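The residues making up each chain are set out below.
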Amino acid sequence: MTVTMGKALTAALRDAMREDDTVLMFGEDVGPLGGVFRVTDGLAAEFGEDRCFDTPLAESGIVGLAVGMAMNGFRPVVEMQFDAFAYPAFEQIASHVAKMRNRTRGAVGLPMVIRVPYAGGIGGVEHHSDSSEAYYAHTPGLKVVTPSTVADAYSLLREAIADPDPVVFMEPKKLYWAKDEVSLPVRTEPFGRAVVRVPGSDATLLAYGPAVPVALEAASAAAAEGLSLEVVDLRTLVPFDDATVAASVRKTGRCVVVAEASGFAGVSAEIVARVQERCFHSLAAPVLRVAGWDVPFPPPVLEKYQLPGVDRVLDAVDRLQFDDAPDPRFLAVSP
Amino acid sequence: MTTQAEHRMPAVLPGGVPPADALLPSAEPVRFLDDDGGPAPGDAHGRYERPSTELLRRAYDAMVLGRRFDAQATALTKQGRLAVYPSSRGQEAGEIGAVLALRETDWLFPTYRDTMALIARGIDPVEALTLLRGSWHCGYDPMATRTAPQCTPLATHAPHAVGVAYAARRRGEDTVALVLIGDGGTSEGDFHEALNFAAVFHVPVVFLVQNNGFAISVPVSRQTAAPSLAHKGVGYGVRGERVDGNDPLAMLAVLTDAVESARAGGGPVLVEAHTYRVEPHTNADDDGRYRDHDEVAAWKRRDPIARLEAHLRSAGELTDDDVAAAGAAAEAFAADVRKRLSEEPVGDPAELFAHVFATPTPQLREQAAWLAEELAR
């Protein structure tokens, strides 16, 4: 059947709540309204306001409440309404959610999921389009997951809820309405596994979350011109699948990382570092990045200039030194 | 299981009292004893009843032991055996009162200054001092002891107490959580969010603010312009109470009442204990830069152990032999701590990677191998 990513997420929550009555959903507007993106639509009606409920509008309190409930037998799933609205909860996430197992020498695990609708592409006004994954991925103790397909949205969220450790579940907002033919329930590859979406031989495109459809489109366009690009969907940033990534890049010898987040000190930077560490002797060109500019996320009228697009990806592929000439963009040492 | 609609019920007390008034703390801190341990004048103890002699005797023994432990930990820090030790000397009535008000099945959420409370809770002193000795974990099992790891980021453990108590109540258990906070912590956002969540969801949590006058060097007058810290409850629909934090009778009476009120479904309670940090913030602090020695001396004259001892002696409930026995037990405890902490703590670097996740990621396994390789050279 045809399912949107948003509905797949709803189904994952519903199925998890049906199977395990310790699974709870709470946050802002997730009750009768069903969330501003309707991901919790129908859950309060089916499970009652006890299991899917609205809280005071205070993100630190929401995550802190979830920590306590996870310490005491529940599996809370909390929704941060938008990426940037999760920042008040950052201390809870960085100092407690991520560290509780370690600071109790394994005695207290926190099986909880923090859902974060993130990234741009929906014409959101300021503070509604941040790509905040790097903050979480940089914090030891958090698993960080981001689906790009409808099936993964369902399967990764089910796995996140069942995981014994806290998971920051990053939902690409612009893909909520993406559709696919999927028979639910569906299970895909587990955490820690990247997936080759399109095999290829000339270069590897590494992408995650909202950048994956862009990479796929770029691969199609390149194929029309006779260039074979392999597209790897990373799926889980933590744990990271070095094996699949390295196997792909060692095979193709060329790599472009595509990410919507700003590049400087971002997850894309980490991926480039890992690839050059592990694949240097297979590389025919420097690993390039197509990432967001290092600017605050632009307003709706300008966001198309921020988002990685097919042309920008193909331009980067063109600079992978197929002609053995150095990339003119980086001939100078500094700007 | 209650519904969310029920959770939203306003806290109206019996007798038609306007809720806001009923939530306000008393004009003066609740006290039973004057500064010397004699009876406080008038009805300073309000509606509260004197705790039982049995409870007071247990409190006395635990306070004597707690103070001796605290002094021992301070001494060990000066000898380099502990990395740091924030003393709670002078706050024994709060530290011990909080623990004695709880059942074993209740939860305690301590801060870094509350090691004395951990001892009173029955946690092994070497386990309790693990973190302050310089290790990376809290040292005891929070699930087995129903005691959260000592919290360093101020007030961030308050929402956890709300969550733990809320979880228990949803299962129909009568568990109460008591969270210890300092006066500085009441300025943190999490303190306010925790009070608000506890009130909205009607959760059995007792917030004990030990107002010891200072957040390191900053006096409480720079934390708030409120009439008292206990007044911060009313804005959230939480009942507030003020107590003489150096009066063990008052602390036990008010905390026991607050815990049992929360247990009985009365919702959260905010208790402010007026006390004083007679030691510097930690061994690394120089308190001469921000306070007058006369002020410290004045508070030392209101010593909670001396006041309790005077009260019990005058009531004929404490003999010279009892005092000697409590002192001897405390000395033996301290000697054991000294002996066991004379050994250098050991830490296995490989374990750094073991508890980041339930199962280490491939990246952590790889890094653990790199460190092992480095150590094997």
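Since the model is a prediction, treat every value here as computed from it, not as a measurement. (Residues numbered from 1 in each chain as written. Chains lettered and ligands numbered in written order. Predicted model: local features only at pLDDT ≥ 70, side-chain atom pairs only at ≥ 80, totals over all residues. Heavy atoms only, no water.)

Student: So, the overall build of chain B: which residues are in play, and what are the values?
Tutor: Across its full length, chain B carries 14 helices and 7 strands. For chain B, whose C-alpha radius of gyration is 22 Å, the value lies close to the compact-globule estimate of 21 Å for 377 residues. Overall size of chain B, expressed as C-alpha extent along the three principal axes, is 75 × 55 × 40 Å. The proportion of buried residues among the 377 residues of chain B is 53%. Looking at chain B alone, contacts between residues at least 24 apart form 75% of all its contacts between residues at least 6 apart. (Helix = DSSP H or I, 4+ residues; strand = E, 2+ residues; numbered from the N terminus. Rg over C-alpha atoms; globule rule 2.2 N^0.38 Å. Buried < 20%, exposed > 50% of the residue type's maximum accessible area, 1.4 Å probe, protein only. Contact = heavy atoms within 4.5 Å.)

Student: Quick one: what's the story with the sheet that holds strand β5 (residues 113–118) of chain A, residue by residue and with numbers?
Tutor: Each strand in a sheet pairs with its neighbour through backbone hydrogen bonds, running either in the same direction (parallel) or in the opposite one (antiparallel). All names here are of chain A. The sheet built from 7 strands is open, its strands ordered β3-β2-β4-β5-β7-β6-β12 with mixed pairing. The two strands at the open ends of the sheet, each matched to only one other strand, are β3 (52–54) and β12 (236–238). Across the sheet, the axes of successive neighbouring strands diverge by a mean angle of 20°, strand direction being ignored. Pairing of strand β4 (residues 75–79) with β5, which is carried by 3 bridges, proceeds in the parallel orientation. Residue pairing in the sheet places Glu 79 in a bridge with Arg 115 of β5. Its contacts with the sheet put helix α1 (residues 5–19) on β2 (23–27), β3, β4, β5 and β7 (167–172), and the angle it makes with β2 is roughly 130°. (Pairing = 2+ DSSP bridges. Axes fitted to C-alpha atoms, helices over the stretch in contact; angles between N-to-C directions.)

Student: Before we move on, can you summarise the domain arrangement of chain A with the specific residues and values?
Tutor: Residues and elements named next belong to chain A. One can read the domain layout of chain A as domain 1 (2–181) and domain 2 (195–323). Relative placement of domain 1 and domain 2: their C-alpha centres are 27 Å apart. The partner domain 2 presents 22 residues to the 27 residues of domain 1 that form the contact. Counting every contact that joins domain 1 to domain 2 gives 2 salt bridges. Here Asp 152 ties to Arg 197 by a salt bridge, and the two come within 2.8 Å at their closest N and O atoms. Elements supplying a minimum of two residues to the side of domain 1 that touches domain 2: α6 (133–137), β6 (143–145) and α7 (150–162). (Domains from an automatic or database assignment. Salt bridge = Lys/Arg side-chain N within 4 Å of Asp/Glu carboxyl O.)

Student: Now, about unusual backbone geometry: what can you tell me, with residues and values included?
Tutor: Residues and elements named next belong to chain A. Note the cis peptide between Leu 184 and Pro 185, where omega equals 0°. Topologically, Pro 185 is positioned in the loop between β8 (179–181) and β9 (195–198). Here Val 238 and Pro 239 are connected by a cis peptide whose omega angle stands at -5°. By secondary structure assignment, the location of Pro 239 is in the loop between β12 and α9 (242–252).

Student: Account for the packing of α1(A) against α7(A), naming residues and giving values.
Tutor: Two packed helices can be described by the angle between their axes and the distance between those axes. Residues and elements named next belong to chain A. Where α1 meets α7, the axes come as close as 8 Å, and the angle between the chain directions of the two elements is 30°. When the interaxial angle is binned, α1 and α7 end up roughly parallel. Note that α1 runs across α7; the crossing there is right-handed. Each of Met 5, Ala 8, Leu 9, Ala 11, Ala 12, Leu 13, Asp 15, Ala 16 and Glu 19 in α1 lies in contact with α7, whose residues at this interface are Val 150, Ala 153, Tyr 154, Leu 157, Arg 158 and Ile 161. A per-class count over the contact of α1 with α7 returns 12 nonpolar, no polar and 3 charged. (Parallel < 35°, antiparallel > 145°, perpendicular 65-115°, else oblique. Left-handed = near helix turned anticlockwise from the far one by under 90°. Nonpolar A, V, L, I, M, F, W, Y, C, P; charged D, E, K, R; others polar.)

Student: If you had to explain the sheet that holds strand β13 (residues 255–262) of chain A to someone new, which residues and values would you point to?
Tutor: Residue and element names in this part refer to chain A. Read from one edge to the other, the open sheet built from 5 strands follows the order β9-β11-β10-β13-β14, with strand pairing classed as mixed. Whereas interior strands pair on both sides, the edge strands pair on one side only; in this sheet they are β9 and β14 (288–292). With strand direction ignored, the average angle separating the axes of adjacent strands in the sheet is 25°. Sitting on the sheet, helix α8 (residues 212–224) is in contact with β9, β10 (203–207) and β11 (229–233), with an inclination near 170° to β11.

Student: Before we move on, could you go through the environment of A:Ala219 and cite the residues and values that matter?
Tutor: All names here are of chain A. In this structure, Ala 219 sits in helix α8. Judged by relative accessible area, Ala 219 falls into the buried class, the value being 7%. Between the C-alpha atoms of Ala 219 and Ser 132, which are 87 residues apart in sequence, the distance is 26 Å.

Student: Outline the pattern of salt bridges, supporting the account with residue identities and numerical values.
Tutor: According to the stated counting rule, one finds 43 salt bridges over all chains in the structure shown. As a salt-bridge pair, A:Glu46 and A:Arg18 come within 2.6 Å of each other at their nearest N and O atoms. Here A:Arg18 lies in helix α1 and A:Glu46 lies in helix α2 (residues 43–47), a separation of 28 residues in the sequence. Measuring nitrogen to oxygen at the nearest pair gives 3.0 Å for the salt bridge that ties A:Asp163 to A:Lys143. Of the two residues, A:Asp163 is situated in the loop between α7 and β7 and A:Lys143 in strand β6; the sequence distance between them amounts to 20 residues. Residue class for A:Lys143 comes out buried when judged on its relative accessible area of 10%. Residues joined in a network through salt bridges with shared partners are A:Asp242, A:Glu270, A:Arg274, A:Arg278 and B:Glu366.

Student: An account of the interface of chain B and chain A is needed here, citing residue identities and associated values.
Tutor: Contact with chain B, which involves 48 residues of that partner, is made by 47 residues of chain A. Together, the buried faces of chain B and chain A total about 3,700 Å²; carbon and sulfur atoms form 58% of this surface. The interface formed by chain B and chain A includes 2 salt bridges. Note that A:Arg105 is salt-bridged to B:Glu351, the shortest N-O span being 2.7 Å. Taken together, the connections running from chain B to chain A amount to 18 residue pairs in polar contact (both at pLDDT 80 or more). Listed by contribution, the elements that provide at least two residues to the side of chain B that touches chain A are α1 (4–7), β1 (107–109), α7 (142–145), α8 (158–170), α9 (189–200) and α14 (362–376) of chain B. When residues in the side of chain B that touches chain A are grouped by element, the largest group, 9 residues, is from α8(B). Each residue belonging to the side of chain B that touches chain A can be placed in one class, and the counts come to 26 nonpolar, 14 polar and 8 charged. (Buried area = accessible area lost by both parts, 1.4 Å probe. Polar contact = N/O pair within 3.5 Å; in protein donor to acceptor, adjacent residues only side chain to side chain.)

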